[in-house]
Amino acid sequence: MSPEAAPDEPIAAWCAMAAFDAQSGPRFGAPSLGRVVRSPACRPEGRFFDQVGSILLGTFAGDFGKDCPLRRPRDHRPAVDHNPDDDRQVADERRSLLGLAAMALIVGAATGCVGAIFRLLLAHADRLRDAMIAWAHGHAVWGFLIVIGACAVATLVAAWMVRKFSPHASGSGIPHVEAVLREEIPPAPFGLVPVKFFGGILAIGSGLALGREGPTVQMGAGIAVLAARASRLCWADSRVLLAAGAGAGLATAFNAPIAGLVFVLEELVQKFEHRVAVAALAALATAIPVARLLLGDAPDFHIGPLSYPGAESAPLFLTLGGIAGLLAVAYNRTLLATIAVRDRFAGLPIELRAGLIGASVGMLAWFAPELVGGGDQITQWALIGHESVGVLVFAFLIRFGLGALSYAAGTPGGLFAPLLVLGAQSGLLFGMACHLAFPALSIQPEAFALVGMAALFTGIVRAPVTGIVLVAEMTGNVTMLLPMLGACFMAMLLPMLLGNAPIYDSLREHTLRLERKIRQR
């Protein structure tokens, strides 16, 4: 080779390496696709930067090839022939995605129907409990004993159903769904769904301060697992369908479809996956219309017109977020401490422990029936500024302890609804104090109640986007989005600085310990 051609030799060698890489995939230790994919129908999406790198590598290889006559074949044909198997593989992936979307539509409709019926029966149970208490007040001592006994028996039966038929149905259910999605435990049998359904009605209907969203999320996941097994889906597709069913359950519980989608991506899978997003959208597209046929399409809470807050009130909302963050740390520790105390009495049957908690809730229901149950009415009162300061402080303290005590019963029931109650109450209290301290600012205490709901939710769960979207959809109000951003920032920052873990991370550890106990039996 002539001296003039010598400098081109390194470029030619580089072109050969680049062309090889463009055909065979990224180098530098990248994992082989065959080691990741379990079957052609269940190929997970590649990493974004790997895909971009492959495209750029192929582009540069083509460009350099134009300047490298030593690399270009004389007949200008590609160095490697086109493989028809690649086209068939892409077609299989598209058919798999289409089938997965169709299954998600079915799962969403079923979840919406089950979740709506669950909400209707819970509303009937609340009315029945209130009517029983009103009747019992006319029968003095015997009425008092009947109320306590009825609440204790209902809670006891719910705990017995959990122990007897589905141990994973206890508590919220969201930590269990997260553990399944992380492949830490296997999915629960379908028997969990009826236990969650009837046990949740008994527990929440008896007056325990538990939310409806935990049961509906876990029931949606259970319906998805049943559909995946019936369709013989592989685990990759089953996982996607499970996440979609769980998101449909949350959306049905609060009539909040966008919050259901955000919840799946932000809390359950904690990253954006195209297949999960498509399946979740499909499930929500059928779950919400079916649920609204039974429940109506009005927001869960009503709030009066709120004016856009001025810049001078921004420090107040940041302060509210800091208070919510400290309350979140206190609530998480109280809840975990209550569970630890319950576990110290492991020698007692779980039914007896649940019955005692139910009896104490029944005693409270005799004196203050409006403070027991899921708490939607309490949240509504806070959003319209219904309560006085003295009553509000007392109600907040009672509900703070009642939520942790109710969860320790081990019956089906979630955390979201009780958290929204505490957030609205704490926000309203702070708003009332600011209204008295700064009369020139024209403060609306109800606006602070709205922001407090999102802030406390963020501090406890560490899912700020879910909290903001959920509150906005449940109230039909978007004027407080900017204050919610600032408050959620502070509510998330302080618990992280204090080293307090998100509540579902801590509860998932309890779920894993329960799974180990079940396997040892």
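Computed from a predicted structure; not experimentally measured.

Undergrad: Could you give an account of the overall build of the chain, naming the residues involved and the relevant values?
TA: For the chain, the helix and strand inventory stands at 20 helices and 0 strands. Across the 521 residues of the chain, 50% fall into the buried class. In the chain, once contacts between residues fewer than 6 apart in sequence are set aside, the share between residues at least 24 apart is 84%. Summing over all exposed atoms, the chain offers an accessible surface of approximately 24100 Å²; the carbon and sulfur share of this is 67%.

Undergrad: Summarise the pattern of salt bridges; cite the residues concerned and give the values.
TA: One pass over the structure, following the stated rule, counts 13 salt bridges. Glu351 is the salt-bridge partner of Arg163, the closest N and O atoms lying 2.4 Å from each other. In this pair, Arg163 is assigned in helix H5 (residues 140-165) and Glu351 in helix H13 (residues 350-367), connecting sequence segments 188 residues apart. You can call Arg163 partly exposed: its relative accessible area is 42%. Asp376 is the salt-bridge partner of Arg212, the closest N and O atoms lying 2.7 Å from each other. On the criterion of sequence distance, the pair formed by Arg212 in the loop between helix H7 (192-205) and helix H8 (213-230) and Asp376 in helix H14 (residues 376-383) is long-range, its members being 164 residues apart. You can call Arg212 buried: its relative accessible area is 9%. Given a relative accessible area of 28%, Asp376 falls into the partly exposed group.

Undergrad: Summarise unusual backbone geometry; cite the residues concerned and give the values.
TA: Leaving glycine out, the prevailing phi sign among residues is negative, and the prevailing peptide bond configuration is trans. The phi torsion at Glu183 lies on the positive side, around 60 degrees, for a residue other than glycine. Looking at the element boundaries, Glu183 is found in the loop between helix H6 (174-181) and H7. For Glu183, a relative accessible area of 49% corresponds to the partly exposed category. For Gln270, which is not glycine, the phi dihedral falls at a positive 60 degrees. As for its placement among the helices and strands, Gln270 is situated in the loop between helix H10 (257-268) and helix H11 (274-295).

Undergrad: Break down the confidence of the model for the chain for me, citing the residues and quoting the values.
TA: In this model, the chain carries an average pLDDT of 85, and 82% of its residues clear a pLDDT of 70 or more. In this model residues 1-76 is a low-confidence stretch, pLDDT under 50, and it forms 51 contacts with partners more than four residues away in sequence or in other chains.

Undergrad: Give a detailed account of the side chain of His176, specifying residues and quantitative values.
TA: Relative to the helices and strands, His176 is located in helix H6. Classification of His176 by relative accessible area gives buried; the value is 7%. When near neighbours in sequence (up to four residues on either side) are disregarded, His176 contacts His168, Ile185, Pro186, Ala188, Gln218 and Thr511.

Undergrad: Lay out the packing of H10 against helix H18 (residues 464-475) in plain terms, naming residues and giving numbers.
TA: Here H10 crosses H18 at 170 degrees, and the two axes come no closer than 8 Å. Here H10 is positioned roughly antiparallel relative to H18, judged by the angle of their axes. Listed contacts from H18 to Pro257, Ile258, Ala259, Val262, Phe263 and Glu266 of H10 are Pro464, Val465, Thr466, Val469, Leu470 and Glu473. Of the residues belonging to the contact of H10 with H18, the class tally is 9 nonpolar, 1 polar and 2 charged.

Calculation criteria
- Residues numbered from 1 in each chain as written.
- Predicted model: local features only at pLDDT ≥ 70, side-chain atom pairs only at ≥ 80, totals over all residues.
- Heavy atoms only, no water.
- Helix = DSSP H or I, 4+ residues; strand = E, 2+ residues; numbered from the N terminus.
- Buried < 20%, exposed > 50% of the residue type's maximum accessible area, 1.4 Å probe, protein only.
- Contact = heavy atoms within 4.5 Å.
- Areas by Shrake-Rupley, 256 points an atom, 1.4 Å probe, with all protein chains shown as cover.
- Salt bridge = Lys/Arg side-chain N within 4 Å of Asp/Glu carboxyl O.
- pLDDT = per-residue confidence, 0-100.
- Axes fitted to C-alpha atoms, helices over the stretch in contact; angles between N-to-C directions.
- Parallel < 35°, antiparallel > 145°, perpendicular 65-115°, else oblique.
- Nonpolar A, V, L, I, M, F, W, Y, C, P; charged D, E, K, R; others polar.

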